[in-house]
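Now for the letters of each chain:
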Amino acid sequence: MQSQKDVKRKIKTISSIQKVTKAMESIANIRLQKVIKVLYAMRPYAEDLSRFVFEVFVLASKDRLKKIVPYFRKGRTTKVLFVVLSADRGLCGMYNSRLISVVSDAARFEALKGRKLKLITVGKKAADYFSRRHYEMAGIYPSVSLEDVPEFSKKLVGQCAKVFEERGVDEIYVFYTHFISMGKQEVYALKLLPVEMESAEEHNMPIKAGALFEEDDDLKYRLPEFICEPSEGSLLPEIFLHYFEISMRQMMLETIVSEHASRMIAMQQSTSSADDMIKELTMQYNKIRQSLITRELTEIINSVEALN
């Protein structure tokens, strides 16, 4: 049976850990509130840009567009690139393990098809996992802060576009965690390249694809026929590249928000579990104390009786 001292030491240790988890929960909540505002402001722009690019594809000459824009290539797929957006740190529940599990399943599926796979990882957790398993790494980056997201997403998309244009890979997928609510985040896979606007309505990314201007009683206009200046060859590739950059930026923001939400919920649950453990240990401590008091009283009574 444990002594009072042992139980008291355990209560003190758990109380110390509880203070840490409470502090981490508060920090995650503060960071979450900061980033989620940026994400919510970003989503409408990303949706409108997606609609606009879809309208451009619908109205432009598809054959000519595919000659001008180098992102529509189709053919036999032999080389695939996965871009994995994870976190640098743990203590966020199933956030990293769920993402890694989905990517691992997708990697095995590509291997069964006989395709060569490369990975670009953003975040230490994914880099450590896949490096240890000897996957071919095309790039390893730490997770980025909110302030660095615009610049880094542009750099990452530039790297992906370059390797695709140089035929280093045939398909590029981005794996990230999409924020749905505080208690729900799901791992999504977006096919970044090649562009497949014909199936835009079945796009993996949760961005609406449709007319830029919807017909209703107040507004009966759609995107009209357009003229590109200075030329289609210089303008349209930039439009699609900007679309990729905004998509990557949104996915990175979704990932950051999901990480903070997962960590906040995990620390909240840890704090609650610590409360339960402290209550249980306190009851155990009181029982031991009561048992000792009862034993001491019994000894005193027996001693008095023996003297009489």
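Above this text you will find the structure in question.
Draft legend 1. A look at the nonpolar core. Formed by 55 residues in total, the largest nonpolar core has its most connected members in Tyr71, Ile172, Leu192, Phe240 and Phe244. Elements with a minimum of two residues in this core: α1 (4-59), α2 (62-68), β1 (79-85), β2 (116-122), α5 (149-165), β4 (171-181), β5 (184-193) and α6 (232-307). Take this core: its biggest share by element is 15 residues, from α6. Excluding residues that lie within four positions of it along the chain, Tyr71 makes contacts with Ala161, Phe164, Glu165, Leu193, Pro194, Val195, Pro237, Phe240, Leu241 and Phe244. Val80, Phe82, Leu117 and Phe130 belong to the second-largest nonpolar core, a separate cluster that totals 15 residues.

Draft legend 2. Examining the pairing of β5 more closely. One ladder, built from nine bridges, connects β4 with β5; its direction is antiparallel. The residue bridging Ser181 from the neighbouring strand is Lys184, located in β5. Once β4 ends, the chain turns through two residues before running back antiparallel as β5.

Draft legend 3. Quick look at the sheet that holds β2. With mixed pairing, five strands are arranged side by side in an open sheet as β3-β2-β1-β4-β5. Among the strands making up the open sheet, the edge pair consists of β3 (136-141) and β5. Pairwise comparison of adjacent strand axes, ignoring direction, gives a mean angle of 20° for this sheet. Note that β2 and β3 share five bridges and pair parallel. Note on β3: the bridge partner recorded for Val122 is Tyr141. Packed on one face of the sheet, α5 meets β1, β2, β3, β4 and β5 and runs near 160° to β3.

Draft legend 4. Highlighting unusual backbone geometry. A cis geometry characterises the amide bond from Leu193 onward to Pro194, with omega recorded as -5°. A positive phi angle, close to 55°, is found at Leu91, a residue other than glycine. Mapped onto the elements of the fold, Leu91 is located in the loop between β1 and α3 (95-112). With a phi close to 60°, His134 is a non-glycine residue in the positive phi region.

Conventions we followed
- Residues numbered from 1 in each chain as written.
- Predicted model: local features only at pLDDT ≥ 70, side-chain atom pairs only at ≥ 80, totals over all residues.
- Heavy atoms only, no water.
- Core = buried A, V, L, I, M, F, W, Y, C linked by side-chain atoms within 4.5 Å.
- Buried < 20%, exposed > 50% of the residue type's maximum accessible area, 1.4 Å probe, protein only.
- Helix = DSSP H or I, 4+ residues; strand = E, 2+ residues; numbered from the N terminus.
- Contact = heavy atoms within 4.5 Å.
- Pairing = 2+ DSSP bridges.
- Axes fitted to C-alpha atoms, helices over the stretch in contact; angles between N-to-C directions.

That's the geometry; what it means functionally is another story.
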